[in-house]
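This is what each chain is made of:
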Amino acid sequence: MNKITSNIGWQELFFQFVLYLLVLLFYSFDRNDPGITLAQVIFFLVYACASVFITYFLMPKFLYKKEYWHFFGMVILVLLLVIVIEELLEVVFYPGTRRAAIVPGIYYAIFDVLPIIAILSGFKFAWDAIGKQRELEKLKTSIQESELQFLKSQINPHFLFNNLNNLYSYAIELSPKTPAIILELSSVLRYMLYECKERFVPLSKEIEQLENFTQLNELQIEERGKVNFKAINIATGYQIAPLILLVFIENAFKHSQSGQSSNIIIDIEIKMEGNTLFFNCKNNFQPVSTSENLTKGIGLENVKKRLQLLYPKAHELKIKESSDQFEVNLKMELQKISLK
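Parameters at a glance
Residues numbered from 1 in each chain as written. Predicted model: local features only at pLDDT ≥ 70, side-chain atom pairs only at ≥ 80, totals over all residues. Heavy atoms only, no water. Helix = DSSP H or I, 4+ residues; strand = E, 2+ residues; numbered from the N terminus. Buried < 20%, exposed > 50% of the residue type's maximum accessible area, 1.4 Å probe, protein only. Contact = heavy atoms within 4.5 Å. Areas by Shrake-Rupley, 256 points an atom, 1.4 Å probe, with all protein chains shown as cover. Core = buried A, V, L, I, M, F, W, Y, C linked by side-chain atoms within 4.5 Å. Salt bridge = Lys/Arg side-chain N within 4 Å of Asp/Glu carboxyl O. Patch = residues over 30% accessible without salt bridge, like charges linked within 9 Å, V, L, I, M, F, W, Y side chains within 5 Å. Pairing = 2+ DSSP bridges. Axes fitted to C-alpha atoms, helices over the stretch in contact; angles between N-to-C directions. Phe/Tyr/Trp six-rings, centres within 6.5 Å; stacked < 30°, edge-to-face > 60°.

Draft legend 1. Structural detail: the overall build of the protein. The helix and strand inventory of the protein stands at 10 helices and eight strands. Out of the 340 residues belonging to the protein, those deemed buried represent 39%. For the protein, contacts bridging at least 24 residues in sequence account for 72% of all contacts bridging at least 6. Surface summary for the protein: the accessible area is close to 20,500 Å², and the carbon and sulfur share equals 63%.

Draft legend 2. The arrangement of the side chain of Thr214 in detail. Relative to the helices and strands, Thr214 is located in helix H8 (residues 203-221). If near-sequence neighbours (up to four positions away) are discounted, Thr214 is found in contact with Val227, Phe229, Ile249, Phe253 and Ile268.

Draft legend 3. Representation of the nonpolar core within the structure. Counting residues in hydrophobic clusters, the biggest one holds 44 residues, and the most contacted among them are Leu245, Leu277, Phe279, Tyr311, Met332 and Leu334. Counting residues per element, this core draws most heavily on helix H9 (residues 244-258), which supplies eight residues. If near-sequence neighbours (up to four positions away) are discounted, Leu334 is found in contact with Leu203, Tyr238, Gln239, Ile240, Met272, Asn275, Leu277 and Tyr311. Counting 27 residues, the second largest nonpolar core, distinct from the first, contains Leu24, Ala48, Leu79 and Ile116.

Draft legend 4. Local environment of the pattern of salt bridges. Under the criterion given, the structure shown has three salt bridges. We note a salt bridge from Lys318 to Glu316, for which the minimum N-O separation is 3.3 Å. Taking relative accessible area as the criterion, Glu316 reaches 35% and is therefore assigned partly exposed. What you see here is one network of salt bridges that share partners, running through Glu316, Lys318 and Lys331.

Draft legend 5. Region of the structure containing a nonpolar patch on the surface. A contiguous nonpolar patch, built from Phe14, Phe17, Val18, Leu21, Leu22, Leu25 and Ile36 and spanning about 680 Å² of accessible area, is present on the exposed surface. With respect to the element layout, Leu22 can be found in helix H2 (residues 10-28).

Draft legend 6. Seen up close, the sheet that holds strand S5 (residues 276-284). Taken together, the five strands give an open sheet; going across it, the order is S2-S4-S5-S7-S6, and neighbouring strands pair in mixed fashion. The two strands at the open ends of the sheet, each matched to only one other strand, are strand S2 (225-232) and strand S6 (315-321). For this sheet, the mean angle separating the axes of adjacent strands, direction not counted, is 5°. Bridge analysis of strand S4 (residues 264-273) against S5 gives eight bridges, and the strand direction is antiparallel. Bridge pairing in S5 places Met272 opposite Leu277. Each of S2, S4 and S5 is contacted by H8, which is oriented at about 175° to S2, the strand it contacts most.

Draft legend 7. Unusual backbone geometry, seen in detail. With a phi close to 55°, Asn233 is a non-glycine residue in the positive phi region. Within the chain, Lys313 stands out as a residue other than glycine whose phi angle is a positive 60°. Relative to the assigned elements, Lys313 resides in the loop between helix H10 (290-310) and S6.

Draft legend 8. Representation of the sheet that holds strand S8 (residues 335-336). Spatial strand order, S1-S3-S8: three strands in an open sheet with antiparallel pairing. Of all strands in the sheet, those bounded by a partner on one side alone are strand S1 (201-202) and S8. For S1 and strand S3 (residues 238-240), the ladder comprises two bridges, and the chain directions are antiparallel. By the bridge assignment, Val201 is partnered in S3 with Ile240.

Draft legend 9. Fine view of the packing of aromatic side chains. Applying the stated criterion across every chain yields a total of five aromatic pairs. Plain terms: the ring middles of Tyr64 and Phe125 are 6.3 Å apart, the flat faces sit at 35° to each other, and that makes the pair tilted. Pair noted here: Tyr64 is in the loop between helix H3 (38-63) and helix H4 (68-93) and Phe125 is in helix H5 (residues 102-153), with a separation of 61 residues, a long-range link. Note on Phe71 and Phe72: the rings are 5.2 Å apart at their centroids and 70° apart in plane angle, and the pair reads as edge-to-face. A residue is classified by how much of its surface remains accessible, and Phe71, at 6% relative accessible area, is buried. For Phe72, a relative accessible area of 47% gives the class partly exposed.

Rendered as C-alpha cells:
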C-alpha cells in the first residue's frame, strides 16, 4: 500500500478524494430518506476497495501492458467477489427482506456494483490518459529541442572553417583588413556561441548579426562582384529563431564563389509587413560539381527541418534555381517578444 501511495501525486490524491466523496453522496442520496446510513457507507467502502484494486493494481499490471485477457478476467473475478460480499452484507443489514433473496439480490447487486466501479475506474483511466499525453508532449518537446540544437550546431563549424581560412590568407599577406575581419568574426562567433542558445532571439539583434555576417563574407569577394544588403521597415518587439536566415546567406556566398571568379552578384533584402517577415536572397553562380551540390542540399534540408519544427503552418519557403541564378523567398509569421 505504501508503494501505491508513493506513486500518487498530491493532485491525484485530492482528485480521487473529491471523486469518491461525490460518488458516495450520489450513491446514498434519497429524497425520501435524507442522510447516509452505516450500511451505505459499508457497501460503498467495498466498491471503493474494489475500484482501488482495479485502478492501482490491475490497470498498471495488465491493461497498460496490453495484457487485455488477464485484465478483464481479473476484473470479472473482482466483480464476482464484490457481489458475493454484497450478498452477505445484505443478509446482515436487511435480514428477512426481499433484498436478501439470492436471485433478485444478485440482480440488484450487479446494477449496484457496475455503475459505481465503472465511474471510479473510468475517471482514473482518464486521469492516467491525460498524464500520458502530457508526458508525450514533454517528450516531443524535448526531442524537438534536441533536434533543433543539433541542426543549429551544424552551422557553426562550417562557418568558422571558411572564415579562418580567409583570415589566414589575409594574415599571410599582412593585409590591413585583418583587424577588421577579426573584429567582425569575433562579434558573429560571440553571437552564435552565447546569444543563440535560446529558442528565439530579438529580430533586431538577428538582423544586426546578419549584416555583420554579410560584411565579413563580402571581404572574400572584394573587387570580384557586388553585394547588396537591405533591411526595410523592421519593426521592434518581434522575435525570430536564430540562424534561420544565415544559412541562405552563407549558401549564397559559398556557391557564388565556388564556380566563378568575377561578376558575382548577391542581393539580400529583408522587410516586414505587419507581423510578417519577407526574406529574399538572390545570387548568381556557375554550375559546380555533384559534391558541391550535395553540400548545398544538406544546408537547405537543415533549415527546412528547423522551419517545420519552429514555424509549422506559419511560413512559406520558395526556392527557384535557373541555369545561373539561385533565389530564396521566405515568408514567416513572427511572434512578439514574450515578457516573462
